[in-house]
Amino acid sequence: MIDEDILSVRDLSIVYSSYGEEKNAVRNVSFDLRRGEILGIVGESGAGKSTVGKAILGLIEPPSYARGQITFENRNILEMSEYRLNKIRWNKITMIFQASMNSLNPVQSIESNFISVIKDKMKINDKIEWERLIDEALLSVSLPIEVKKKFPHQLSGGMKQRILISLAMITNPQVVIADEPTTALDVITEFYVLSVLKNKIRTSGASMIFITHDLPAIVFMADTLAVMRYGEIIEHGPVSNVLSKPQNDYTKKLVGAYYEVEL
Amino acid sequence: MTEDDNSDIVEVTGVSKYYGTKGRIVTALENVSLNVKRLENIAIVGETGSGKTTLGRITCGLETPSRGQVKIDQIESTRYRRTKLWRISQYIHQDPYGAIDNLEDVRTILSRPLRYLLHIKEESEIDEKIIDALRLTGLDESYINKKGGDLSGGEKQRILIARAFISNPKYVVIDEPTTMIDFVHRDEIIDTLANMGRNGNTTLMLITHDIMIVPKIAKKAAVLYRGKIIEYGSVENILKKPLHPYTTFLTSIKVNNLTENKSLLEYLQTYGKERQVGEPSKKGCVYSSICPLADAKCKAQSPDLLEKNQGHFVACFKSGEFRIV
């Protein structure tokens, strides 16, 4: 791992507002993401984990707003124009969403799902190059090449999730945000998909923010761990440190539940 | 105790279930036999597509088997009148978001089993019973006026549990109670279920892929693989002394094992890759296509479920030989 920050978040606060009511979803969150690091963010539903991920992609839309700084390539993502954001999204920062069942276009074959990304985001118009990229992407997540002719409903949950991983990473992004990529998969499929994802991240040298409520998955994947509750990061450090010496009461409870399950 | 109490609440004998899709026949269950003793909670463990939901639905009368026979409380499931059957057996659906109408209030949802199954007419009595049921699941009485849409996933799950238990059934099937719920609430739901199972005369069947929640609820467990029961016994034996290679593999998938043990991770990767390749072979053991121990005999003959140790059944020619080093 090279000690170089690729993304740095400072005093990030996000306020959701709807019908005149305001809700602080994220409060004063700060962290750095080094090149090649996998940062796990754990927390219960409503803790603000996904909101942080959305803010990094510039997906917080008015009337909701974000304050603070998210520095990527010496620019603040929160102040970028939509045009510039669109250049970064998918090409440099990409996201694997939680709903694998709905994230692929159901009326397009897997191949067309890939082609639209390659055309729109990578600006490649060479058909032979398309083929090569798609085959390579599918093989890198251990899928047979034949699946590209199939439609999303013909594939199992684990296969769709691996397609989403390869689709998100086809552009060789620098930062990958994975939001609950394995909920609703059984334990064998879950760890299999995670091992594929980890392998892919490590070989491409990208950094990842791995958001989940599943602590075993984080222990398997991540280098560092941040625990979120009520919109704040209450504990942050290397995974082994947080697990062996939890400081906060909530983290202790969480880690306690984890070890209970393990033994 | 009456004689009734010694009999099995559910007896499944030689049940097969086939689904037809697009001219293709999919086998969900193949020749499954299983008896559930009264007040002895059982867990059905298996991965996606192993047939565990189908087995659960068949044992509470929601589906009829294509072949074989299911007796619920000593009477064949197809001979019941619906209302009679729902008084005996209840089913908790795996998706709480889909099982509760967002526009209905909790009172309406929970009063239905009381009105139509127990034929209670007094409004005050209905309210009383609903509040009792809510309390048992850890919700307070203010929930009675809330609408389905105002509830979180965990609260919906609790309402579903309350709805199943409110008519005091003899047998409840719980399908994946924790998949939609985050880890903090997971333990609470499991504790609630364990409590509900303890007081009263209800037998639970827990259907899950999460082997870690099994010991808190069930005493017995059956492992399903591609529509067949490959191992059956006490939860302790299945978790600590598994005999079938698949059960050994399934119980050893934990983070510590995966990070420390390279061969387990490698096997997981071959398993994940192989599993997507089509149907299991019609001949031989269902696990033989991917089993590291499989030889010619495994590929030619299908092993029967036989008692290996006392009360511990396994369907494997090489039981106990597979070890994760």
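Here we summarise the structure given alongside this text. Every value quoted in this text rests on a predicted model; they were computed, and no experiment measured them. (Residues numbered from 1 in each chain as written. Chains lettered and ligands numbered in written order. Predicted model: local features only at pLDDT ≥ 70, side-chain atom pairs only at ≥ 80, totals over all residues. Heavy atoms only, no water.)

**Let's talk about the side chain of Glu 40 of chain B**
Residue and element names in this part refer to chain B.
Next up, step 1: One can find Glu 40 in the loop between strand 2 (24-37) and strand 3 (42-45).
Next up, step 2: Only 3.4 Å separates the side chain of Glu 40 from the side chain of Lys 220, close enough to count as a polar contact.
Next up, step 3: Leave out the neighbours within four places in its chain, and Glu 40 touches Thr 203, Lys 219 and Lys 220. (Helix = DSSP H or I, 4+ residues; strand = E, 2+ residues; numbered from the N terminus. Polar contact = N/O pair within 3.5 Å; in protein donor to acceptor, adjacent residues only side chain to side chain. Contact = heavy atoms within 4.5 Å.)

**Comments concerning the interface of chain A and chain B**
Next up, step 1: Contact residues are listed per partner, giving 29 residues for chain A and 29 residues for chain B.
Next up, step 2: Surface buried jointly by chain A and chain B totals about 2,500 Å² across both partners, of which 63% is contributed by carbon and sulfur atoms.
Next up, step 3: Counting the contacts that link chain A with chain B gives zero salt bridges.
Next up, step 4: For the interface between chain A and chain B, the tally reads one residue pair in polar contact (both at pLDDT 80 or more).
Next up, step 5: If you list the elements that add at least two residues to the side of chain A that touches chain B, you get helix 6 (157-168), helix 7 (187-204), helix 8 (215-221) and helix 10 (249-262) of chain A.
Next up, step 6: Here the element with the most residues in the side of chain A that touches chain B is helix 10 of chain A; it accounts for eight residues.
Next up, step 7: Its residues assigned to classes, the side of chain A that touches chain B comprises 17 nonpolar, six polar and six charged. (Buried area = accessible area lost by both parts, 1.4 Å probe. Salt bridge = Lys/Arg side-chain N within 4 Å of Asp/Glu carboxyl O. Nonpolar A, V, L, I, M, F, W, Y, C, P; charged D, E, K, R; others polar.)

**Quick word on the packing of helix 4 (residues 110-122) of chain A against helix 6 of chain A**
Residue and element names in this part refer to chain A.
Next up, step 1: Between helix 4 and helix 6, the least distance of the axes is 10 Å, while the angle of their chain directions is 20°. Here helix 6 runs roughly parallel to helix 4, going by the angle between their axes. By crossing handedness, the relation of helix 4 to helix 6 is classed as right-handed. Side by side, helix 4 and helix 6 meet where Ile 110, Asn 113, Phe 114 and Val 117 of the first sit next to Ile 163, Ser 166 and Leu 167 of the second.
Next up, step 2: Across the contact of helix 4 with helix 6, the residue classes break down as five nonpolar, two polar and no charged. (Axes fitted to C-alpha atoms, helices over the stretch in contact; angles between N-to-C directions. Parallel < 35°, antiparallel > 145°, perpendicular 65-115°, else oblique. Left-handed = near helix turned anticlockwise from the far one by under 90°.)

**Examining the side chain of Ser 288 of chain B**
Next up, step 1: As for its placement among the helices and strands, Ser 288 of chain B is situated in the loop between helix 12 (262-275) and helix 13 (296-300).
Next up, step 2: Separated by 2.8 Å, the side chain of Ser 288 of chain B and the backbone oxygen of Cys 285 of chain B make a polar contact.

**Observations regarding unusual backbone geometry**
Next up, step 1: A cis amide bond links Pro 62 of chain A with the next residue in sequence, Pro 63 of chain A, at an omega value of 5°.
Next up, step 2: Its identity is not glycine, yet Asn 28 of chain A carries a phi of approximately 45°, on the positive side.
Next up, step 3: Relative to the helices and strands, Asn 28 of chain A is located in strand 2 (residues 21-34).
Next up, step 4: Positive phi, close to 60°, is recorded for Leu 39 of chain B, a residue that is not glycine.
Next up, step 5: Inspection of the secondary structure puts Leu 39 of chain B in the loop between strand 2 and strand 3.
Next up, step 6: Accessibility expressed as a relative area gives 46% for Leu 39 of chain B, which makes it partly exposed. (Buried < 20%, exposed > 50% of the residue type's maximum accessible area, 1.4 Å probe, protein only.)

**Considering helix 5 (residues 123-136) of chain B**
Residue and element names in this part refer to chain B.
Next up, step 1: With 14 residues, helix 5 extends 20 Å from end C-alpha to end C-alpha; this agrees with the ideal 20 Å at 1.5 Å per step.
Next up, step 2: Buried residues along helix 5 sit in contact with helix 4 (106-116) and helix 6 (153-165).
Next up, step 3: Looking one or two places after helix 5, you find Gly 138, whose phi comes out positive at around 85°. (Expected span 1.5 Å × (residues − 1).)

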